[in-house]
Number of protein chains: 6
Amino acid sequence: MSSNSYDSGRLNLPFVGISTFGKRPYQGDWSAIAADVAVLGAPFDFGTQFRAGARFGPRAIREASTLFSFGHGGAYDHEDDATYLGPDVSIVDIGDADIVHTDTETSHANIEKGVRAILDAGALPVVLGGDHSVNIPCIRAYEGRGPIHILQIDAHLDFVDVRHGVRHGHGNPMRRAAEKEYVSGITALGIRNVSSTAKDGYDAARKMGDDILSVRQVRKLGTEGVLDRIPKDARIYVTLDIDGFCPSIAPGTGTPSHGGFLYYEVLEILQAVANRHEVVGMDLVEVAPDYDHSGSTQILAAQVLLNFLGFIFHARSQRG
Amino acid sequence: MSSNSYDSGRLNLPFVGISTFGKRPYQGDWSAIAADVAVLGAPFDFGTQFRAGARFGPRAIREASTLFSFGHGGAYDHEDDATYLGPDVSIVDIGDADIVHTDTETSHANIEKGVRAILDAGALPVVLGGDHSVNIPCIRAYEGRGPIHILQIDAHLDFVDVRHGVRHGHGNPMRRAAEKEYVSGITALGIRNVSSTAKDGYDAARKMGDDILSVRQVRKLGTEGVLDRIPKDARIYVTLDIDGFCPSIAPGTGTPSHGGFLYYEVLEILQAVANRHEVVGMDLVEVAPDYDHSGSTQILAAQVLLNFLGFIFHARSQRG
Amino acid sequence: MSSNSYDSGRLNLPFVGISTFGKRPYQGDWSAIAADVAVLGAPFDFGTQFRAGARFGPRAIREASTLFSFGHGGAYDHEDDATYLGPDVSIVDIGDADIVHTDTETSHANIEKGVRAILDAGALPVVLGGDHSVNIPCIRAYEGRGPIHILQIDAHLDFVDVRHGVRHGHGNPMRRAAEKEYVSGITALGIRNVSSTAKDGYDAARKMGDDILSVRQVRKLGTEGVLDRIPKDARIYVTLDIDGFCPSIAPGTGTPSHGGFLYYEVLEILQAVANRHEVVGMDLVEVAPDYDHSGSTQILAAQVLLNFLGFIFHARSQRG
Amino acid sequence: MSSNSYDSGRLNLPFVGISTFGKRPYQGDWSAIAADVAVLGAPFDFGTQFRAGARFGPRAIREASTLFSFGHGGAYDHEDDATYLGPDVSIVDIGDADIVHTDTETSHANIEKGVRAILDAGALPVVLGGDHSVNIPCIRAYEGRGPIHILQIDAHLDFVDVRHGVRHGHGNPMRRAAEKEYVSGITALGIRNVSSTAKDGYDAARKMGDDILSVRQVRKLGTEGVLDRIPKDARIYVTLDIDGFCPSIAPGTGTPSHGGFLYYEVLEILQAVANRHEVVGMDLVEVAPDYDHSGSTQILAAQVLLNFLGFIFHARSQRG
Amino acid sequence: MSSNSYDSGRLNLPFVGISTFGKRPYQGDWSAIAADVAVLGAPFDFGTQFRAGARFGPRAIREASTLFSFGHGGAYDHEDDATYLGPDVSIVDIGDADIVHTDTETSHANIEKGVRAILDAGALPVVLGGDHSVNIPCIRAYEGRGPIHILQIDAHLDFVDVRHGVRHGHGNPMRRAAEKEYVSGITALGIRNVSSTAKDGYDAARKMGDDILSVRQVRKLGTEGVLDRIPKDARIYVTLDIDGFCPSIAPGTGTPSHGGFLYYEVLEILQAVANRHEVVGMDLVEVAPDYDHSGSTQILAAQVLLNFLGFIFHARSQRG
Amino acid sequence: MSSNSYDSGRLNLPFVGISTFGKRPYQGDWSAIAADVAVLGAPFDFGTQFRAGARFGPRAIREASTLFSFGHGGAYDHEDDATYLGPDVSIVDIGDADIVHTDTETSHANIEKGVRAILDAGALPVVLGGDHSVNIPCIRAYEGRGPIHILQIDAHLDFVDVRHGVRHGHGNPMRRAAEKEYVSGITALGIRNVSSTAKDGYDAARKMGDDILSVRQVRKLGTEGVLDRIPKDARIYVTLDIDGFCPSIAPGTGTPSHGGFLYYEVLEILQAVANRHEVVGMDLVEVAPDYDHSGSTQILAAQVLLNFLGFIFHARSQRG
């Protein structure tokens, strides 16, 4: 029996239709979220220190996600011989947090409100940035829902405490997270080269429980080796800065850094995480689509998110 | 008393939120359209003879339309001292017609179905192309609802009968329209330079009731002079090919032609049409956004459509 | 006797050399400004409501300005038979105000500090935005140096009082200016279509002394007619939002609006202003270069600024 | 004795001259093809399900091929210490198949006609797409000239039977090929992630003799391992969808999929195929140049084709 | 009786086929030119003082010219009710002059050789630049074929004598032309703003017979007024620098200057020139396509050239 | 004690301020260079055989280098646990060599003059191209300062002797270098595929002491293996053509060639060179930024240069 939508309904080609995430239903009423996954846009980019433009990340990722929306009854993966995101997994797009120009604190508060609404509904939050500072309100929303362990994939450590009064820019989120008692630890993958975090930030990070690995160190360890460094039974929140990837596949971002991860390196880590751990939320940030006219960056973001969600719910179903 | 949405609700900046047309509600159930205006995407571009890409016109126009969505209780125009599209005018976005790759006839039939649904609901159809061939199914939907007079704004005459068997490409729509007995006439503005229509097409067009004016001829006549050539009491369907405009403001299109209309030249004609005539429908076609990274073309499309809709309903309300 | 630099020195072609404004000397010590004109970058864009990117306006305008730097001993204009910006006019580039991400108030304060330094040095301030909110600290710097009359060239009225707490975004500057007792009036040219200012903003503006003219109204009045509406003897501060121009020549901006001014329309008004009035400062804002890969927008900005400066000092020298 | 063209003739730099494939002679008379290789453009893209634009693939690949045209008497490769495509290998460009907008069947028939003309002339067909549906008429042209084995390099399986009546879109070619009795088998390399082929398509493919390998599986097997899975003595037709490559080097395509092949992975397989098998034809499809302003994608296409042709004729000459 | 090519032959849509100018035949043997018009590419751009890239002008203009190639038996213009470039006018594309990198003199000599070959064959030369320095060898080729009067359409005067030894850059051509005894005069239209020519260059130009008019002066004079300034019976050579046009329609050029001509302003002057004068040759220079991803600039170049050629031969036939 | 600049001074974010290399001081007086490193732009691109545009390389690399300028007191690298380019290393930007359009020899002489000035001041020259021909005057400046060994990283051998009289184009530099008696040898890494050097050039190169390795050969050898082929105690000059890298990370270049180096492959070789050898100078050439709107290419150039400089001075300090 077919569960796809094209045999009986529309063909619904990828380029056709309104761009919600994965062409899933839009739920504008945040008190009525009823789904396994809820996707929230966080189009905030005043926290950037080089190029802005991540405010258009949510729209771009949504549009790119339609490329993977062929109306099949789930996404069949021939390598895994598995069907991901079948009709049993419900996803809704709840639109964007209300962003207020010039006002970082209010904008962040509105993002937090959205994540709290998703968590209150018992759904898995997927937040589309926006710059990496949007991770700050995301993590705040987990207050009282810990402990969580953060898996950060990123080129930059983002562990600046405060500089010229700035505590909530895109160079600060991991420091802010590490300060929370319900954040049990951070595993940072892909960290390399110069960033807004100086040496004292690295020292502080290590002291506060941040396990920092470069791309080359991750390659040497392998997926298994990396996973072994994450505490067993840790409930994982993934924050994926698209600049953790190599600029060759993610040029559309504000502060690109060469030498980043290739596609399968990240995908395989995420699949392993999904298999071994409970994943309690995720954000994907720093997609600035106007710097990539080929669309590769937003396609990467959508492809990673859809696959990761598939892995998570497949693992859940396997666990029973 | 304020009718805007930001005093009590969200600020809802233009860059925030899902991209429906004008951020108006999405109505996916075509049997439940209840609005003054219904917007339908027709992302079909297999009818093009040079550059394709108009399939992304609907998405691009929708996104550009958010630039004009500040949540005011209507759009105040200080030149006219009038507020357009206030809360009394309801608009819905019904998504896109189902397009079937390689299959022109089925795709066209699906567009026609959408326009018929809008007309059946008593709403004003606004169709976002897609290439100009999507006008063919639009006009078909008016069968039994005539007579209508077509106001075409375009660089090209689009009056090819049949060539190598092609009757439904983007060079044919006006010929197809002229063949309908419920199409009482065509006024074609902006026609200039070489196109796929040859001399015999021009001869046929004139014989079949097409009033052909170039940009320079329109300029010489002025808005009033142009309006005087449209039969009084004609019920007007507007088909606006974005290449009727000058490539300076509409470079994102498949077959640009220099020497086109500037913004106010078209806007003032549309305003006069709204004031003098019943407007029964419209399509805006040939926006190919990937050829214009500045976004000017789709912003033009959105700006023209929103203003024209404002004029139409303002005139209706004035007429009482 | 030749006053150019290439007969005895370098050829110094436009594409050669560091990009300061007009290839003029860089003066990083703000206490040592000694010039007729000082150019300050204000790369702040957290005040935008649609596309960001104006933070790269200063760098882009500086680079574009090198196109007009051929090392002649002044810019000869054959239409006016005059040589502008000869060796008697000294210009320095003082770099950028220090911008602090996430922090609007500190960033604005730093801009104000730069403009005050220029004014203290007796030089004419030329501020390169950044979004239009940078006009707010610019005007603040004139406290105690009034009265000044503001000539605004813009698509949008920018007269929002406060909305969701925002008082210093790019929709607010003219309201903030109008509140100053040393601002004697505002003449706003080019205002058209929907903007973040709603009807009540227009009403307030008019009540507070804002003379609002659309592009079409300006065209009807002509340069003389427009100038006649500016009070005689007014000391003029010009704030030029690049979106006052038509998107055909200024696509690289955050919130383009069709139907804007063409080049000579603005240039001739500026020349007339320079001839009749004392010009006490200027800002040129909203150039977002990454949306215009042709570079036309930043070339326009540089060309307008260099010509306007030429007119100002030519008029000064004529006045003796 | 020199066989290059610059010692006695023109320097003929890459950027100089008309863009035929490799700057080889144009032969517009399809009944007079007299060459070892004949290149045919197939600028058809109505079969695409996401982004169009592959209609400009042939022109873009031709222009990019001029980068490798320095007028040497053959292409010397220092790694292989071999000279490829010397004066003994004659190549002609026979222009494009006649494409009829809106009409898939006629367009495909015209492509088939071109390939048949090449085969009738005893030349090796090289077809430049166009979308992957152009492979359908290519394969048809081999009727009576089998058996052939298809080597497919691609991200997507393209094994949809029929959906909403579509049998000849870019998701169908391998199914259509597998139905031919003169197609002895298919080896599909690079297949990954979601595509228009659903699980039942994979099942059918395997049943019909399709050997499906992902990028990771190919990497694990190595070139030798992959070659071992192709039947000995198979006469090979290569269909190379540019999206088989990683979007990092081939962003200019309609439906990019991350995780694709890098350059040498494909090149070494093609070299091994040339050495072990008779190659009877090839198509390279889905280059959509307007999505890659750097030109990398079309340069990749030209570089792969020229090298592959070099390998084929070098191997032929070695075999004697 | 039909003279088009699609009734009996191919449909030959604009996007199909090899890109020669207007899809006309390629004639690589310069001793065998037999046509009314011969088109030569001159892809030289080492003479530029800001952005290079005009070396790709010839290829871009050729490709853009295919947009106007529908296979009709001539181009019917409904405004003029005339058919231009019918089967009686033969055009060939003779490819490009051989350009030698780093070597200006040899490259220029090769361009001169091409123009001489065209003139020797009795055909009308149409040279596609390249930067404006390519006009220098073009004019040299007319030695012994004068007198000629040059009609220059340009933003810049290009009348630099010598600076740092440079006599053959893109700032020098009109000075070089004025030095020829067979050049009877120059009419320069569109000259405005700063250029590499300083005041002394303007003085010299006027002294040497250059009639210099700005865009605004041309507008004031009107087409007739401009034509009246060109000596009766002058045999006209047209050199059209694309930057004579407004950057709104010609952004793809090296040294854009705002305030340029719009399309019909130039077209009507060219039509009047064709009607009143013998046109003996033309070049169109400074199209740098990589700065205009919309393609507008090269489309403008092709559209102007094809129309101008149409006017010339129509006028010739009218004169009998 | 903190040595950064933000604790007591400006925050000085990357997007703020004039673009000198690394935001280091500008020294326009070449007789007053007093620094460890001096950066010279060489914006010359008339030596290119395909796409030009490298004249904007220096400006682009300078701007990109600001991304790595956070005002820290040195760049901390957590992988090496080292701080590079601390306050003990002084760098100045001395602007660009004076380039004369159309005149290769004068332009090259001016570049040589700049490098000599740097060497005379005892600083390390870092030259930003421009095309690869700018290496010719760079090497000339080392006359009397040898012996030097050249480490070339490049896709192309650049060993053409003379062709059509060209001896100083971007295909000739290594041949010119090999002719110098003070050049003791060349190690060429990354050489692959077709280039302007033909087989006889390879033969000559090998005979004249050029050790040629392809990307795949370098990979097989590993960093150590490569270093072992460079003579011990050789004083190294590095010439880095950005097209030595894979087009995936360096698309913004004139003659891209697929199959190039990835980031760490080059970085690790440069680090090893810095550790084992005295580095006496470097140039980085062929960045043509207008072909890469993402900015990846110039970011790569800046990132490699800043890291390499860090390695060199770290190694010097280690050596004492």
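Relevant structure appears above.
Residues numbered from 1 in each chain as written. Chains lettered and ligands numbered in written order. Predicted model: local features only at pLDDT ≥ 70, side-chain atom pairs only at ≥ 80, totals over all residues. Heavy atoms only, no water.

Participant: Just to check I follow, could you spell out the overall build of chain A for this structure?
Facilitator: Helix and strand counts for chain A stand at eight helices and 10 strands. Over its C-alpha atoms chain A spans a radius of gyration of 18 Å, differing by no more than 12% from the 20 Å that the globule rule assigns to 320 residues. C-alpha atoms of chain A, sized along the principal axes, occupy 60 × 45 × 40 Å. The buried share among the 320 residues of chain A stands at 73%. Nonlocal contacts in chain A, meaning residues at least 24 apart in sequence, comprise 79% of its contacts between residues at least 6 apart. About 8900 Å² of surface is accessible on chain A, with carbon and sulfur atoms providing 47% of the total. Positive and negative charge centroids in chain A, built from 29 and 40 side chains respectively, lie 4 Å apart. (Helix = DSSP H or I, 4+ residues; strand = E, 2+ residues; numbered from the N terminus. Rg over C-alpha atoms; globule rule 2.2 N^0.38 Å. Buried < 20%, exposed > 50% of the residue type's maximum accessible area, 1.4 Å probe, protein only. Contact = heavy atoms within 4.5 Å. Areas by Shrake-Rupley, 256 points an atom, 1.4 Å probe, with all protein chains shown as cover. Lys, Arg positive; Asp, Glu negative; His and termini not counted. Charge placed at Lys NZ, Arg CZ, Asp CG, Glu CD.)

Participant: I tried to follow the relation of the copies chain A and chain B on my own but got confused; where do I start?
Facilitator: Mapping one chain copy onto the other needs a rotation about an axis and a shift along that axis. Structural alignment of chain A on chain B gives an RMSD of 0.0 Å, achieved by rotating through 180° and translating 0.0 Å along the axis. Overall, the copies show the geometry of a two-fold rotation axis. Using C-alpha coordinates, one finds that chain A approaches the rotation axis most closely at A:Ser19, a distance of 3.5 Å. Residue by residue, 100% of the interface of chain A is reproduced at the interface of chain B, so both copies engage with the same surface. (Least-squares fit on C-alpha atoms with pLDDT ≥ 70 in both.)

Participant: Could you clarify how one ought to interpret the interface of chain A and chain B in this entry?
Facilitator: Interface size, as often reported, equals the accessible area lost upon joining of the parts. If you look at the interface, chain A gives 30 residues, while chain B gives 30 residues. Approximately 2500 Å² of surface area, both sides summed, lies buried where chain A meets chain B, with 58% of it carried by carbon and sulfur atoms. Counting the surface chain A buries against chain B, the share from its top three residues, A:Phe15, A:Ile18 and A:Arg59, is 33%. Our count for the contact surface shared by chain A and chain B stands at four salt bridges. Of the charged contacts in the structure, one is a salt bridge between A:Asp98 and B:Arg10, with a shortest N-O distance of 3.9 Å. Seen at the junction of chain A and chain B, the total is 17 residue pairs in polar contact (both at pLDDT 80 or more). (Buried area = accessible area lost by both parts, 1.4 Å probe. Salt bridge = Lys/Arg side-chain N within 4 Å of Asp/Glu carboxyl O. Polar contact = N/O pair within 3.5 Å; in protein donor to acceptor, adjacent residues only side chain to side chain.)

Participant: Quick question: what am I supposed to make of the interface of chain F and chain C here?
Facilitator: Chain F puts 30 residues into the contact, and the matching count from chain C is 30 residues. Where chain F abuts chain C, roughly 2500 Å² becomes buried across the two surfaces, and 58% of that area is made up of carbon and sulfur atoms. Salt-bridge contacts for F:Arg59 lead to C:Glu63; the nearest nitrogen and oxygen are separated by 3.6 Å. Our enumeration of links across chain F and chain C arrives at 17 residue pairs in polar contact (both at pLDDT 80 or more).

Participant: What is the right way to look at the sheet that holds strand β6 (residues 148-153) of chain B in this model?
Facilitator: Strand pairing in a sheet is mediated by backbone hydrogen bonds. Such pairs are either parallel or antiparallel. Residue and element names in this part refer to chain B. The eight strands are arranged β4-β1-β5-β10-β9-β6-β7-β8 in an open sheet whose pairing can be described as parallel. Edge positions in the sheet fall to β4 (91-96) and β8 (210-213), since each has one partner strand and no second. Averaged over all pairs of adjacent strands, the angle between their axes in this sheet comes to 15°, without regard to strand direction. Across the sheet, helix α8 (residues 296-319) touches β1 (37-42), β4, β5 (124-129), β9 (235-241) and β10 (278-285), and the angle it forms with β10 is around 175°. (Pairing = 2+ DSSP bridges. Axes fitted to C-alpha atoms, helices over the stretch in contact; angles between N-to-C directions.)

Participant: I'm lost on the relation of the copies chain F and chain C in this one. Help?
Facilitator: Mapping chain F onto chain C is achieved by rotating through 180° and translating by 0.0 Å along the same axis, at an RMSD of 0.0 Å. Interface overlap between copies is the fraction of interface residues in one copy that are interface residues in the other; for chain F against chain C it reaches 100%, indicating a shared surface.

Participant: Please clarify how the environment of F:Asn275 should be interpreted in this entry.
Facilitator: All names here are of chain F. Relative to the helices and strands, Asn-275 resides in helix α7 (residues 263-276). Judged by its relative accessible area of 48%, Asn-275 falls in the partly exposed class. C-alpha separation for the pair Asn-275 and Ala-52, spaced 223 residues apart in sequence, amounts to 35 Å. For Asn-275, the contacting residues outside a window of four places in its chain are Ala-315 and Arg-319.

Participant: Looking at this structure, how should I read the arrangement of the chains?
Facilitator: Chain C shows no contact with chain D. Their nearest C-alpha atoms sit 11 Å apart. At their nearest point, the C-alpha atoms of chain B and chain F are still 11 Å apart, with no contact between the two.

Participant: Quick question: what am I supposed to make of the pairing of strand β6 (residues 148-153) of chain C here?
Facilitator: Where a strand is regular, its side chains alternate between the two sheet faces. Residues and elements named next belong to chain C. Of all six residues that make up β6, six are buried, and the element is covered over most of its length. Alternating residues of β6 divide into Ile-148, Ile-150 and Gln-152 and His-149, Leu-151 and Ile-153, and every residue in both groups is buried. Viewed along the sheet, the connection from β6 through helix α4 (residues 173-178) into strand β7 (residues 183-189) turns out right-handed. Sheet topology places β6 next to strand β9 (residues 235-241); five bridges connect them, and they run parallel. By the bridge assignment for β9, Gln-152 is matched with Thr-239. (Right-handed = clockwise from strand over helix to strand, strands pointing away.)

Participant: What is the right way to read the packing of aromatic side chains from this model?
Facilitator: The way to describe two aromatic rings as a pair is by their centre distance and the angle between their planes. Applying the stated criterion across every chain, the model contains 41 aromatic pairs over all chains. A ring pair is formed by E:Phe44 and E:Phe46, whose centres lie 4.5 Å apart and whose planes are at 50°; its orientation type is tilted. Given the relative accessible area of 0%, E:Phe44 is considered buried. Aromatic rings pair up to connect A:Phe44, A:Phe46, C:Phe44 and C:Phe46 into one cluster. Over the face of the ring belonging to F:Tyr6 we find A:Arg163, whose NZ or CZ atom lies 4.0 Å from the ring centre. (Phe/Tyr/Trp six-rings, centres within 6.5 Å; stacked < 30°, edge-to-face > 60°. Lys NZ or Arg CZ within 6 Å of the ring centre and 35° of its normal.)

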